[in-house]
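Residues per chain are reported as follows:
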Amino acid sequence: MTDAKYHTPEDQTLYGRVLRPSSANELCEAVELAFDYRGDVTLELASGEMVTGYVFNRDAGGAAPVLELFPKGLPGTRKIAYADVVSIAFTGEDTAVGKSWEAWVAKKESQRRAESEQAAAVARARGHL
């Protein structure tokens, strides 16, 4: 997927982009990007309907590929056929932008150090150290 038309480097966001796939392969790739995106997307359907929500699942392998989303402001979920999707707009802020694995590891190490220091202080206060 590195050379794909819609590839976005990890240090950039898709927020604000609108993808208008012109082939089945581009549509599959666009849906994958929407699935990986940690914000809402707005789908324009062939019927003219606009659907905004969070894509939480997709099945590209079946005879009639579908994606599933949590529609914004509505209860439940909705299935939408890939064939009905005209465009995908990344309209909600991606909550994962800038939160790399390295930052998570550094945060966890800091928390573990603080917990260790707190446990040592408690042990010293009890006379165990």
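Every value quoted in this text rests on a predicted model; they were computed, and no experiment measured them.

How each quantity is defined
- Residues numbered from 1 in each chain as written.
- Predicted model: local features only at pLDDT ≥ 70, side-chain atom pairs only at ≥ 80, totals over all residues.
- Heavy atoms only, no water.
- Core = buried A, V, L, I, M, F, W, Y, C linked by side-chain atoms within 4.5 Å.
- Buried < 20%, exposed > 50% of the residue type's maximum accessible area, 1.4 Å probe, protein only.
- Helix = DSSP H or I, 4+ residues; strand = E, 2+ residues; numbered from the N terminus.
- Contact = heavy atoms within 4.5 Å.
- Lys, Arg positive; Asp, Glu negative; His and termini not counted.
- Salt bridge = Lys/Arg side-chain N within 4 Å of Asp/Glu carboxyl O.
- Polar contact = N/O pair within 3.5 Å; in protein donor to acceptor, adjacent residues only side chain to side chain.
- pLDDT = per-residue confidence, 0-100.
- Pairing = 2+ DSSP bridges.
- Axes fitted to C-alpha atoms, helices over the stretch in contact; angles between N-to-C directions.
- Phe/Tyr/Trp six-rings, centres within 6.5 Å; stacked < 30°, edge-to-face > 60°.

(A) Just the nonpolar core, in detail. Ranked by size, the top nonpolar core spans 20 residues in total, and within it Val41, Leu43, Leu67, Ile80, Val85, Ile88 and Phe90 carry the most contacts. When residues of this core are assigned to their parent elements, the largest contribution, 5 residues, is made by helix H1 (residues 24-36). Leu67 has contacts with Val31, Leu43, Val55, Asn57, Arg58, Arg78, Lys79, Ile80, Tyr82 and Val85, leaving out every residue within four places of it along the chain.

(B) How the structure looks around the side chain of Glu68. With respect to the helices and strands, the residue Glu68 is situated in strand S4 (residues 66-71). No salt bridge is formed by the buried Glu68; its nearest oppositely charged neighbour, Lys79, is found at 4.5 Å. One polar contact links Glu68 to Asn57, side chain to side chain, over a distance of 2.8 Å. With near-sequence residues (within four places) excluded, Glu68 lies in contact with Tyr54, Val55, Phe56, Asn57, Arg78 and Lys79.

(C) Local environment of the confidence of the model for the protein chain. For the protein chain, per-residue confidence averages 88 on the pLDDT scale, and 89% of positions sit at 70 or higher. The low-confidence segment residues 1-8 (pLDDT under 50) makes 20 contacts with residues lying over four places distant or belonging to another chain.

(D) Highlighting the sheet that holds strand S3 (residues 50-59). The 6 strands lie next to each other as S1-S6-S2-S3-S4-S5, forming an open sheet whose pairing is antiparallel. Looking along the sheet, the strands with just one partner apiece sit at the ends: strand S1 (18-19) and strand S5 (78-81). Relative to strand S6 (residues 85-89), strand S2 (residues 41-45) runs antiparallel, the two being bridged by 4 bridges. Within S6, the position partnered with Leu43 by the bridge is Ile88. Across the sheet, H1 touches S1, S2, S3, S4 and S6, and the angle it forms with S3 is around 95°.

(E) Structural context of the pattern of salt bridges. What the rule picks out here adds up to 3 salt bridges. Salt-bridge contacts for Glu32 lead to Arg58; the nearest nitrogen and oxygen are separated by 2.8 Å. Of this pair, Glu32 sits in helix H1 while Arg58 sits in strand S3, and the two are 26 residues apart along the sequence. Given a relative accessible area of 24%, Glu32 falls into the partly exposed group.

(F) Seen up close, the packing of aromatic side chains. This structure, assessed with the given rule, holds 2 aromatic pairs. Summarising the aromatic geometry, the rings of Tyr37 and Phe90 are spaced 4.9 Å apart at their centres and angled 75° between planes, so their arrangement reads as edge-to-face. Of this pair, Tyr37 sits in the loop between H1 and S2 while Phe90 sits in the loop between S6 and helix H2 (101-125), placing them 53 residues apart in sequence. We note that Tyr37, like Phe90, is buried. Seen in terms of ring centroids, Phe56 and Phe70 are 4.3 Å apart; in terms of plane orientation they differ by 25°. Their pairing is stacked. A residue pair is termed long-range when its members are at least 10 positions apart, and Phe56 in strand S3 and Phe70 in strand S4 qualify at 14 residues. Its relative accessible area of 26% is what places Phe56 among the partly exposed residues.

(G) Focus on the pairing of S2. Among the 5 residues of S2, 4 are classified as buried, and the element is accordingly described as predominantly covered. Strand direction decides the pairing type here: S2 and S3, joined by 4 bridges, are antiparallel. Paired with Leu43 across the bridge in S3 is Val51. Between S2 and S3, which follow one another and run antiparallel, lie 4 residues, and Gly48 among them has a positive phi close to 95°.

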